[in-house]
Structures are given as structure tokens and as C-alpha cells.
Amino acid sequence: MGYKKPSFIENIAEKVGIIPDLHKENYQKFDGDMRQFSDDEVAQMYQNFPPPDKWDDWVEYNPKVWPRKEKKTYQIVPTTCFNCESACGLTAFIDKETQEVKKFEGNPYHPGSRGRNCAKGPATINQITDPDRILFPLKRKGKRGEGNWERVSWDEALDTIAARIRKAIKEDRHNEIAYHVGRPGAEGFMNWILPSWGIDGHNSHTNVCSSGARFGYNLWYGFDRPSPDHSEAKFILLISAHLESGHYFNPHAQRIIEGKMKGAKLATMDPRLSNTASMSDYWMPTYPGTEAAVLLAMALIILQEGLYNRKYLENWTNWEEYLIARHADKKITFENYIAAMIDEYAAYTPEFAEKESGVKAEMIREIAIKIGEAGERFASHNWRSAGASNLGGWAVARNLHFLTVLTGAVGAKGGTSPNSWNKFKPQVHTAPKPQKKWNELHFPKEYPLAFFEMSQLLPHLLKEGRGKMDVYFSRVFNPIWTYPDGFTWMEMFMDESKFGLHTALTPTWNETAFFADFVLPMGLASERHDINSYATHGGTWVAFRQPVLREAARRNGKHITYTYEVNPGEVWEEDEFWIELSWRIDPDGSMGIKEHFESPYRKGEKITIEEYYQYIFERVKGLPETAKKEGLTEFQYMAKYGAFEIEKGESYKKNETPLTKDQLKGTVVDKKTGVIRKNGKDIGVMVEGKAVVGFPTPSRKNEFYSQTMVDWKWPEYALPTYIKSHIHNDVLDKSKGEYVLVPTFRLPTLIHSRSANAKWLVEISNRNPIWMHPDDAAKWNFKTGDLVKMNTDIGYFIDKVWVTQSMKPGVVACSHHIGRWRREQDKTGNRWATNTVNIENNEPGKWKMSTKSGIKPFESNDKDSKRIFWKDGGVHQNITHAVHPDPISGMHTWHQRVRIEKPEPDEKYGDIFVDTNKSHEIYKEWLAMTRPAPGPNGLRRPLWFKRAFKPDESTYYIDKEK
Ligand code: SF4
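Note that the structure is a prediction, hence the values are computed from the model and not measured.

Enquirer: Help me understand the overall build of the protein, please; the structure alone is not making it clear to me.
Expert: A tally of regular secondary structure across the protein gives 30 helices and 34 strands. Once the C-alpha set of the protein is aligned to its principal axes, its extents read approximately 90 × 75 × 65 Å. Residues counted as buried form 63% of the 962 residues belonging to the protein. Partitioning the intrachain contacts of the protein with sequence separation of at least 6 by distance along the chain shows that 71% fall at a separation of at least 24. Element-wise, carbon and sulfur atoms account for 51% of the exposed surface of the protein, whose accessible area totals about 36,300 Å².

Okay, here's the thing in C-alpha cells:
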């Protein structure tokens with residue numbers, strides 16, 4: 001940019017005195033006027049972030065009074081962003097005079113984000129200053145959901161909840177206690193808390209998010225998430241829009257661009273022309289649910305063209321096992337393996353893939369060749385998107401990894417590694433034994449392979465009388481709004497025999513908190529402690545989210561006992577909350593809980609938050625030495641810089657790590673498979689005569705052939721395959737106006753339910769119309785802004801049409817993150833983004849919602865609240881979706897078959913209708929598609945499958961438990 005000549009408008013504005021005359025002679029030359037600098041000089045300045053030795057006394061001019069020069073002195077304290085899982089580094093600028101946080105910028109010392117953020121990072125300032133935020137613990141008055149609340153003390157909340165948990169545990173009702181998490185926080189923290197209580201009480205949002213893709217990856221190599229090395233890749237294939245809006249948005253986006261700048265080609269599969277697709281070299285607008293077929297066609301081309309990595313396939317896939325199981329008549333030779341694979345996939349020609357997906361065969365062929373040529377430098381990612389949207393969506397990730405295996409890019413530089421190779425695992429000071437309980441409300445027998453808890457079915461399982469939740473925590477979690485079938489959640493929340501005591505731990509009001517008994521305000525990014533570590537690239541790092549005012553106070557010599565002493569109101573953090581709660585559940589130590597919450601440094605005393613983190617940081621490889629050089633403790637180092645780089649970026653090919661002499665003592669090698677066993681457990685595999693760790697699968701290799709799928713009654717899916725989706729073109733009746741609705745994408749400035757308190761973000765994005773191609777719009781005679789009735793399997797919603805060429809013809813889409821609401825009786829919250837709605841339930845199971853008013857300006861201590869110009873808060877679409885759990889992975893399959901109609905004259909924008917009786921019937925239809933446990937040996941789940949909060953092995957055997 002640099003100095004520009006004044007525009008015509010600027011000239012007039014200066015002349016009539018609306019703005020100062022910025023262009024008079026020498027005006028630009030005064031100290032600090034950025035406009036005298038060239039583009040290069042400005043770029044250099046951005047690299048010159050305040051150096052850490054000045055973080056306690058940093059002087060800047062106040063930009064609000066520019067061109068007047070007013071100095072402001074700040075203390076700069078690092079933390080991490082809490083607005084998506086990436087946990088990018090932030091630095092809080094604290095006004096030294098007022099001790100208020102004034103702004104957030106990136107943290108250049110964070111190895112994942114390297115000083116950069118997306119819009120949601122700096123918008124943390126909106127969230128912490130939101131006039132509608134919850135500042136004190138609240139308890140409901142009157143009936144649940146009526147909207148009346150009274151302020152209570154933390155002591156009252158803690159004692160009430162602790163007493164109820166104590167009673168449940170003492171009465172052996174462990175499975176009636178659950179912690180249900182939306183946005184996770186600290187790595188490993190709840191793995192300490194919940195097993196200490198001895199409960200199988202963890203529930204998550206993963207089955208409406210990522211478990212489909214996780215399942216597909218896991219079947220191959222025992223790891224459930226990919227870590228693509230984008231910046232070193234030669235070819236990048238994204239299934240969905242990661243660069244702009246998906247998982248690891250900013251850390252991945254910056255590395256994808258780096259890769260591109262070094263010459264990598266980028267291909268994106270997405271029916272929408274997303275921002276990512278628009279920046280790609282190839283856009284493949286696949287018909288939703290056909291991605292797995294396209295990937296198999298690419299695999300076939302790589303095999304036919306001989307572009308596969310022979311050495312990798314020979315050493316690192318279980319090909320002998322496959323030939324023995326499927327081609328017993330053939331000799332076990334590598335050539336026969338390749339020939340058999342070509343035969344298996346002969347039908348998946350590019351022409352077949354074109355017929356299924358609508359993507360041209362030539363493009364599929366060209367990309368396949370390019371992937372084959374990239375070889376080990378092929379990076380790819382599938383997270384939610386197609387893996388989270390279709391019956392059999394897990395096959396998308398499985399087939400994508402097939403390409404990674406064929407090219408030998410698994411764990412290679414510029415390839416795609418398992419995410420655990422690039423992730424730090426904290427070691428806490430105590431190791432509670434795994435719980436001896438299995439909670440069938442989380443893992444019912446019908447879904448033995450479900451990769452995570454069947455959380456979307458919880459209300460249906462309760463409705464059926466399979467159990468109850470006596471003490472239930474919803475933690476930064478909003479199922480009434482985020483999940484499908486929110487009205488069934490609402491029905492269950494209103495029934496106290498189903499949900500006994502519901503505590504909502506949340507930084508902001510949400511639709512689920514309206515139906516809680518306690519609403520406990522939790523801290524945002526700059527108000528809480530958490531450890532973060534994510535697979536953003538080929539290195540490993542650990543970051544520290546911390547309450548910045550507490551750290552500033554510590555540096556200024558003040559002692560703080562609890563974080564709520566420095567946070568706004570009595571907003572607390574969860575770490576201290578859980579420690580206090582656990583202490584109160586077992587005050588005399590007789591239940592064996594209290595001992596896990598004692599200090600590792602002061603016997604018998606309650607652990608403090610500094611002690612908890614100091615213990616972990618002392619055990620981070622390389623951190624003690626680095627901290628010592630600066631004369632700091634490990635905790636002080638992390639509090640000062642906010643992050644530490646454990647490994648720089650050479651975490652490749654870890655499967656080839658040799659087993660040590662100690663590890664090899666007392667092992668036996670399976671003569672047939674080469675698997676190395678010790679004390680009944682597999683610990684490695686022989687490859688080229690060497691004993692190496694391999695992958696955590698039964699064969700210790702990538703499993704092209706899955707005996708697990710055969711053993712668990714799905715032999716038809718023993719190999720990577722294509723499963724036709726529940727919204728495949730064959731099942732839609734176009735003559736009735738049936739379409740597939742893609743409801744899974746997000747706008748890049750929004751988060752599921754926590755951006756409604758960030759005014760800048762809502763100002764940018766505040767509507768969720770139906771994306772429709774002009775050809776479809778013409779067929780229906782729709783123009784942009786016309787009302788459209790979207791009929792789902794259980795009801796309908798009325799939205800507006802947006803006619804755009806960015807949508808694949810024959811498919812419609814609606815963003816996932818808008819349509820927030822509150823009722824008139826509810827506490828005012830999120831007024832930047834919520835419609836006021838009326839909800840009626842005049843007949844059992846029949847629910848109607850209508851919008852009474854949209855978003856309006858309001859009076860508050862933030863002047864911007866009077867300047868709101870947007871009125872339309874969008875429509876809550878998810879609540880009209882039925883639950884569709886994939887019968888194998890358990891993933892909710894988000895895509896919807898919808899029937900498009902013109903609304904009746906009396907139907908209005910935002911109207912919603914749902915019949916929860918129908919939704920329960922649909923739950924049963926999908927349940928009937930399952931093949932329940934037991935599997936081999938009376939198991940309820942394969943022992944080698946990961947499970948969050950894995951219970952004691954004895955609980956895996958159904959009969960033994962009896
Ligand atoms: S990508 Fe954006 S929202 Fe996510 S952690 Fe980074 S700055 Fe925050």
C-alpha cells in the first residue's frame with residue numbers, strides 16, 4: 001500500500017473539514033504516520049512484533065485518537081484462541097492503567113499459528129466484553145425452561161452438585177452421571193477427572209462431527225486423524241473446504257498456501273464453489289455422497305498406470321493376509337496382489353465415477369496421474385464434510401487413505417501422517433485406574449463399532465426407558481440447537497425423570513442452557529487454563545491457554561487463589577471448578593477420589609492450578625532445559641511465551657522406529673505375520689528383517705483387508721469400497737421435488753454456537769439462505785430472496801433462496817451456523833445474532849416455531865449495540881433433521897433428502913414445524929440397520945479399537961459383566 005494520493009471524496013471531506021487535512025504539506029512526515037512507508041517497510045513492521053523482553057511495558061499510540069498522539073502502556077500476555085480446535089496463539093494487550101484487556105493479536109512464538117489468526121481470533125475481544133454475557137452462577141426458579149433464574153454462590157452450586165454425585169456413586173448409579181462436551185478444552189484434563197470418580201461418564205459431540213472420517217482412517221492404520229504436511233507437498237487433495245472454513249482453518253490454510261507457492265497443485269472436492277475451491281487448481285463438484293467412488297477410480301488409475309509405491313505396499317500393507325482370505329487359489333506373490341486389486345476395482349472406471357459424481361472422467365484421470373506422480377508428497381484431508389454426511393461416509397476417508405497408501409505417502413515428508421505423531425500427550429501427577437463401568441447410554445450394543453459415543457441418540461435412548469441421567473453436565477455444548485432433532489432433546493430436558501440435575505457450563509447463553517438447573521459461567525480464551533497441542537504440520541508443539549489477568553497479576557506481584565478473582569463478575573474456569581467439585585464429592589477421602597486431587601508437591605494438600613501445570617510442563621521434552629536457560633520454572637516459561645516447540649518438523653515414518661533391546665526382551669514373533677508379541681500384547685512387526693513398531697492394528701500394518709469387518713458381521717466391507725449414500729440420486733424422486741440438502745458447511749467467520757456474542761463476526765455473516773443454482777431456480781421460478789419451504793423427513797423450515805452459480809445444479813445447501821434464537825421469557829443473550837421466537841407444543845410431539853422479531857439494535861454499555869443494521873437472524877435448520885446414525889461408524893449422516901415447495905401464503909420466513917413422534921420412528925428405522933454386539937468372544941467392541949476414556953478391559957466382555 002504505502003502512501004496514496006487523496007481520493008476525490010477524501011479531498012472534499014478534508015476541504016469541508018469532515019476529516020483533518022491529512023494531505024497538507026509535510027503532514028505525512030510526522031513521526032509514526034504509517035503512510036510514509038513503502039509496502040516492504042510496512043511488511044517488515046508486521047514482522048516486528050513487540051519482543052518478549054518488552055512485554056511487561058509496551059508503549060503504543062492509541063489508534064482511536066489518531067492523528068493525535070496519545071501513548072498507552074500495555075502488558076502483553078499470551079494465551080490461545082478458544083474459537084475452534086486449532087488453538088492458535090493470541091496475545092492479550094492489557095492496559096496497565098485500568099487492567100483491562102484492550103485487544104488481541106497473534107502470538108509469533110506459537111509454532112502452529114506463527115502469529116497469524118483468522119477473524120475469530122481477534123474477535124475474542126468482543127466475546128469478553130459482550131454486554132449479554134453471563135457473569136454469575138445462576139440457579140433456575142420455577143419450572144425447568146420457564147426462564148426464571150436467581151443468582152447463587154459458587155459454594156451453593158458446588159455443594160448441591162457434589163452431594164448428588166456422591167449419592168449416585170454410593171448407590172452404584174455411576175452410569176447416571178455424565179459430562180457432555182461440545183468444544184473440548186484442556187488436553188487430558190477430563191481423562192484425569194472422570195476416571196478418578198470411577199464413572200464411564202464421558203460423552204462428546206464427535207458423532208455429529210468427525211467420527212465418520214475417524215472410523216475410515218482407523219480401519220486402515222489404527223490412527224483416526226490425518227496430519228497432512230501441506231507445506232512440503234507436491235499435490236494436495238481436500239475433501240471439503242478446509243482452507244477457508246474447516247478443521248485447523250488458519251494453521252492449515254497458511255501451509256497450503258506455502259505449498260502452493262512452492263509449486264504444489266491443489267484439488268478440492270465440494271459441491272459448493274467454496275473459497276477454497278475457488279483458490280484450487282482443480283474444483284471437483286461431486287454429487288454429494290459419491291466422493292468414495294471418485295477416489296476408487298483414482299486408485300484404479302494409479303494401479304493400472306503402475307504409479308504405486310511398490311516398496312511401501314509390499315512392506316506396509318497386509319497383502320498376504322488379503323490373498324489368503326480372498327484368493328486362496330492364487331500364489332502369494334506381490335504381482336498377484338496388484339493384479340487382484342486391479343480386478344477388485346475394475347468396475348470403478350473414471351467413466352463410472354463421472355456417472356455417479358458428475359465430475360468429468362478426464363479430470364479424475366488427470367488428478368489421479370498427478371497424485372501418483374507426487375508419490376510420497378501427496379497430502380490430503382477429509383474431516384467433516386462427506387465423511388460426516390452420508391450413509392457409509394466413513395468410506396470416503398478410507399478410500400482417501402487408500403491413495404495415501406498406494407503412493408507411500410503415509411507418514412512421509414510432504415505426505416500425510418497420523419495426527420498422534422504430531423501431538424503432545426500430557427502426563428498428569430496421578431493415574432486413576434480405568435473405570436469398571438460401561439455406559440450403554442453412550443455405547444449401546446447395537447453400535448459395537450461406533451467410533452465415539454452415540455450422543456445424538458441419547459434423548460431417544462432415554463425416551464425408550466433405557467436409563468436416566470441423574471447428574472448431567474452440558475459443557476460448552478448446545479445440542480438443542482447444534483444437533484439434529486433438537487425438539488426431542490427439549491422434550492427430554494423438560495422431563496426431570498430423564499435428566500435429574502442439568503448443569504450448563506457455558507461462557508454464553510445458549511438454547512440448551514435455557515433448559516438447565518444451574519447455569520455456571522465459564523471463561524473464554526483469556527480467562528481459563530488449558531493445554532493445547534494439535535497436528536497442524538509435521539512438527540509437535542504444546543501451547544498454554546491462560547487467564548491473562550491472573551498472569552499479569554502474578555507478574556505484578558499479586559497472589560491470586562482462584563481465577564474468578566480476576567475474571568469479569570464471577571466467571572470461573574473449569575480446571576479449578578472440577579478440582580473443587582471432586583474434593584467436595586469425597587471430603588473425607590473414604591471414596592478413593594480425594595487422593596487424586598492432592599498436590600504432588602505438598603502431601604495431603606489440595607492441588608493448585610500452578611502445581612497441576614508445573615507437573616506436566618516439567619515432563620515436556622526439552623522444556624526444562626530451555627526454561628532453565630532463562631532462569632524460569634517450566635510453568636513460568638509457558639506463562640511467558642504461551643507455547644513451546646517440542647519437535648521442529650521431522651516427525652516422519654515413525655512406524656519404522658526400531659524396537660529397543662529392552663522392548664524385545666521376552667517377545668515372540670508370529671511366523672506367519674511377523675507380528676511381535678510380548679505378554680499377550682502386540683508391540684511391533686518384522687519388516688525387511690528388522691523389528692519395528694509398525695502401526696497399532698492387528699497386523700501392525702496398513703490393513704487393505706480388514707478381518708475386523710468380517711468378524712463384526714460386515715464382510716462386504718472387508719476392503720475399501722463405495723457405499724451408496726442415503727441421499728443417492730437413485731433414492732430421490734425428482735418428480736416430487738426431492739433434492740439433497742448439504743447442511744454441513746460453515747461460513748469462515750462463524751463457530752457453531754459461540755460466535756453469536758462476537759459483534760464483528762455477526763456483522764460479517766448473519767443469514768443462512770438456501771444456495772440454489774440458476775437452472776434449479778429457473779425450474780421453480782425462484783428469485784433471490786423468495787421464500788422456499790424445505791420439507792425434511794420430520795417437518796419443515798421456511799428459508800429464503802439465494803440464486804448462485806457457486807452451487808452444483810441439482811443440489812441445494814444451507815450454512816450450519818446461523819438461526820440462533822431465544823424465547824421472550826429467556827434471559828437476554830447473544831442479541832447480536834438471535835431472533836426472538838415463539839414455540840408452541842399444542843399436541844404431543846408436534847412442535848412449531850415462528851419468528852416474532854429479528855435482530856434489533858439495543859441499549860447497552862457498548863455503543864455498537866445501537867448501531868446494529870442487520871435484522872435477519874437466519875433459520876434454525878438442524879432442528880428439522882431426524883437422527884440418521886450410520887449403522888457402522890455411528891456418525892450422524894447430515895445430508896438431508898428434502899422436498900422443495902413454494903410456501904402457502906400464510907407461511908412465513910423462519911417458520912418451523914417438527915413431529916418428534918416421526919423422528920422417533922426414524923431413529924428406530926436406522927437402528928434396525930445395525931448388526932449388534934456381541935462380536936467374537938462375547939466382545940462388545942474390538943479390543944484394538946480406540947475408545948475415548950477407555951474402561952477396564954473386563955467391561956468389553958458382555959457375558960463376563962453379567
Ligand atoms: S483458526 Fe481462527 S478460530 Fe481457530 S483457533 Fe485459529 S484464530 Fe481461533
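Enquirer: Sorry, what's going on with the site of the ligand here?
Expert: The immediate surroundings of the ligand are formed by Cys81, Asn83, Cys84, Ser86, Ala87, Cys88, Asn117, Cys118, Lys120, Gly121 and Asn250. Residues that form the shell around the ligand fall into these classes: five nonpolar, five polar and one charged.

Enquirer: Would you mind going over the packing of aromatic side chains with me for this structure?
Expert: Two aromatic rings are characterised by how far apart their centres lie and by the angle between their planes. Taken as a whole and assessed by the stated rule, the structure comprises 77 aromatic pairs. Considering the side-chain rings of phenylalanine 189 and tyrosine 612, the 5.2 Å spacing of their centres and the 75° angle between planes classify their relative orientation as edge-to-face. A residue pair is termed long-range when its members are at least 10 positions apart, and phenylalanine 189 in helix α5 (residues 189-197) and tyrosine 612 in helix α22 (residues 609-617) qualify at 423 residues. By relative accessible area, which is 2% here, tyrosine 612 ends up buried. When the ring of phenylalanine 544 is compared with that of phenylalanine 617, the centres are 5.1 Å apart and the planes differ by 85°; the resulting orientation is edge-to-face. Of this pair, phenylalanine 544 sits in strand β19 (residues 540-545) while phenylalanine 617 sits in helix α22, and the two are 73 residues apart along the sequence. A single burial state applies to phenylalanine 544 and to phenylalanine 617, both of which are buried. Of note, arginine 151 hangs over the ring of phenylalanine 136, and the distance from its end group to the ring centre comes to 3.6 Å. When the ring centre of phenylalanine 82 is taken as origin, the NZ or CZ atom of arginine 528, which lies over that ring, is 4.5 Å away.

Enquirer: I would appreciate a short explanation of the environment of proline 857 in the present structure.
Expert: The residue proline 857 is located in the loop between β32 (846-853) and β33 (896-901) in this model. Here proline 857 falls in the partly exposed class, since its relative accessible area comes to 47%. The sequence separation of proline 857 and tryptophan 832 amounts to 25 residues, and the corresponding C-alpha distance is 8.2 Å. With sequence-adjacent residues up to four places away left out, proline 857 is seen in contact with Ser865, Lys866 and Ile868.

Enquirer: Could you clarify how one ought to interpret helix α10 (residues 291-304) in this entry?
Expert: Three- or four-residue spacings in an α-helix give side chains the same orientation, since the helix completes a turn every 3.6 residues. Over its 14 residues, α10 runs 20 Å from end to end, which matches the ideal 20 Å to within 8%, given 1.5 Å per residue. By the criterion of burial, α10 is predominantly enclosed, with 13 of the 14 residues buried. Glycine 306, located one to two residues past α10, shows a positive phi value of around 70°.

Enquirer: Quick question: what am I supposed to make of the pattern of salt bridges here?
Expert: Between side chains of opposite charge, a pair can form when the charged atoms approach closely. Throughout the structure, instances matching the rule amount to 75 salt bridges. In this structure, glutamate 258 and arginine 114 form a salt bridge, with 2.7 Å as the shortest nitrogen-oxygen distance. Note that glutamate 258 is positioned in helix α8 (residues 249-261) and arginine 114 in the loop between β4 (100-106) and α3 (124-129), a separation of 144 residues in sequence. Among the residues examined, glutamate 258 registers a relative accessible area of 24% and is labelled partly exposed.

Enquirer: Whenever I open this one, the pairing of strand β22 (residues 675-678) confuses me. Can you help?
Expert: For a regular strand, side-chain orientation follows a simple rule: the groups alternate between the two sheet faces. Where strand β21 (residues 668-669) meets β22, two bridges bridge the pair, whose relative direction is antiparallel. Each residue of the ladder has a partner; that of valine 668, found in β22, is arginine 677. Judged from the four bridges that link them, β22 and strand β23 (residues 681-687) form a sheet pairing that is antiparallel. The residue bridging arginine 677 from the neighbouring strand is aspartate 682, located in β23. What sits between the antiparallel neighbours β22 and β23 is a turn of two residues, in which asparagine 679 has the positive phi angle 50°.

Enquirer: Sorry, what's going on with the packing of helix α4 (residues 154-170) against helix α21 (residues 574-585) here?
Expert: Between two packed helices, what matters for the description is the angle formed by their axes and the separation of those axes. Between α4 and α21, the least distance of the axes is 8 Å, while the angle of their chain directions is 55°. On the basis of their axis angle, the class for α4 and α21 is oblique. Helix-helix and strand crossings are classified by hand; for α4 and α21 the assignment is right-handed. Within the contact between the two elements, α4 uses Trp154, Asp155, Leu158, Asp159, Ile161, Ala162, Ile165 and Arg166 and α21 uses Phe577, Glu580, Leu581, Arg584 and Ile585.

Enquirer: Just to check I follow, could you spell out the pairing of strand β17 (residues 518-521) for this structure?
Expert: Residues of β17 alternate between two faces, with Phe518 and Leu520 on one and Val519 and Pro521 on the opposite face, all of them buried. Both strand β5 (residues 138-141) and β17 contribute to a ladder of two bridges, which runs antiparallel. Each residue of the ladder has a partner; that of lysine 139, found in β17, is phenylalanine 518. Inspection of the sheet shows strand β16 (residues 499-506) paired to β17 by four bridges, in the parallel sense. Residue pairing across strands places alanine 504 opposite valine 519, the latter belonging to β17.

Enquirer: Help me out: how do you make sense of a nonpolar patch on the surface in this one?
Expert: Together, Phe8, Ile9, Ile12, Val16 and Ile18 make up an exposed nonpolar region whose accessible area comes to about 600 Å². Along the chain, isoleucine 9 falls in helix α1 (residues 8-15). Here isoleucine 9 falls in the exposed class, since its relative accessible area comes to 63%.

Enquirer: Explain the sheet that holds strand β2 (residues 71-80) here, please?
Expert: Working definition: the strands of a sheet are paired by backbone hydrogen bonds and lie parallel or antiparallel to each other. Overall, antiparallel pairing links the four strands, which are arranged β1-β2-β3-β4 in an open sheet. Edge strands, defined here as strands with exactly one partner in the open sheet, are β1 (58-61) and β4. The sheet shows a mean angle of 40° between the axes of neighbouring strands, taken without regard to direction. Two elements, β2 and strand β3 (residues 89-95), share seven bridges in a ladder whose sense is antiparallel.

Enquirer: Would you mind showing me how to read the packing of α10 against helix α16 (residues 394-406) here?
Expert: Look at α10 against α16: their axes get within 8 Å of each other, and the N-to-C directions meet at 15°. In terms of orientation, α10 and α16 fall into the roughly parallel class. In this structure, α10 crosses over α16, and the sense of that crossing is left-handed. Between α10, through Glu291, Ala292, Leu295, Leu296, Met298, Ala299, Ile302 and Leu303, and α16, the contact on the second element is made entirely by Ala395, Val396, Asn399, Leu400, Phe402, Leu403 and Leu406. Across the contact of α10 with α16, the residue classes break down as 13 nonpolar, one polar and one charged.

Enquirer: Help me understand the sheet that holds strand β24 (residues 690-692), please; the structure alone is not making it clear to me.
Expert: In space, the four strands of this open sheet follow the order β21-β22-β23-β24, with antiparallel pairing throughout. Two strands lie at the open edges of the sheet, namely β21 and β24, each paired on one side alone.

Enquirer: I would appreciate a short explanation of the environment of leucine 403 in the present structure.
Expert: The topology assignment puts leucine 403 in helix α16. Since its relative accessible area comes to 0%, leucine 403 is described here as buried. Measuring from C-alpha to C-alpha, the distance between leucine 403 and glycine 372 comes to 8.4 Å, with 31 residues separating the pair along the chain. When near neighbours in sequence (up to four residues on either side) are disregarded, leucine 403 contacts Leu237, Leu295, Met298, Ala299, Ile302, Ile371 and Phe378.

Enquirer: When you look at the environment of proline 251 in this model, what are you seeing that I'm missing?
Expert: As for its position among the elements, proline 251 is in helix α8. Owing to a relative accessible area of 1%, proline 251 belongs among the buried residues under this scheme. Along the backbone, proline 251 and alanine 535 are 284 residues apart, and their C-alpha atoms lie at a distance of 9.4 Å. If we skip the residues at most four places from it in the chain, proline 251 touches Ser86, Cys88, Gly112 and Thr536.

Enquirer: How do you make sense of the nonpolar core when you look at a structure like this?
Expert: Side chains of nonpolar character tend, in soluble globular proteins, to be buried together. In this structure, Trp197, Met298, Phe577, Trp578 and Leu581 are the most contacted members of the largest nonpolar core, which totals 144 residues. Not counting residues within four places of it along the chain, the set of residues in contact with tryptophan 197 comprises Ile165, Ile169, His174, Ile177, Trp578, Leu581, Ser582, Ile585, Ile593 and Phe597.

Enquirer: How should unusual backbone geometry be read in this particular structure?
Expert: Leaving glycine out, the prevailing phi sign among residues is negative, and the prevailing peptide bond configuration is trans. Of the consecutive residues tryptophan 66 and proline 67, the connecting peptide bond is found in the cis state with omega at 10°. Relative to the assigned elements, proline 67 resides in the loop between β1 and β2. In the segment running from alanine 933 into proline 934, the intervening peptide bond is cis, with an omega of 10°. When you line up the elements, proline 934 lands in the loop between α29 (916-927) and α30 (958-961).

About the cut-offs
- Residues numbered from 1 in each chain as written.
- Predicted model: local features only at pLDDT ≥ 70, side-chain atom pairs only at ≥ 80, totals over all residues.
- Heavy atoms only, no water.
- Helix = DSSP H or I, 4+ residues; strand = E, 2+ residues; numbered from the N terminus.
- Buried < 20%, exposed > 50% of the residue type's maximum accessible area, 1.4 Å probe, protein only.
- Contact = heavy atoms within 4.5 Å.
- Areas by Shrake-Rupley, 256 points an atom, 1.4 Å probe, with all protein chains shown as cover.
- Near = heavy atom within 4 Å.
- Nonpolar A, V, L, I, M, F, W, Y, C, P; charged D, E, K, R; others polar.
- Phe/Tyr/Trp six-rings, centres within 6.5 Å; stacked < 30°, edge-to-face > 60°.
- Lys NZ or Arg CZ within 6 Å of the ring centre and 35° of its normal.
- Expected span 1.5 Å × (residues − 1).
- Salt bridge = Lys/Arg side-chain N within 4 Å of Asp/Glu carboxyl O.
- Pairing = 2+ DSSP bridges.
- Axes fitted to C-alpha atoms, helices over the stretch in contact; angles between N-to-C directions.
- Parallel < 35°, antiparallel > 145°, perpendicular 65-115°, else oblique.
- Left-handed = near helix turned anticlockwise from the far one by under 90°.
- Patch = residues over 30% accessible without salt bridge, like charges linked within 9 Å, V, L, I, M, F, W, Y side chains within 5 Å.
- Core = buried A, V, L, I, M, F, W, Y, C linked by side-chain atoms within 4.5 Å.

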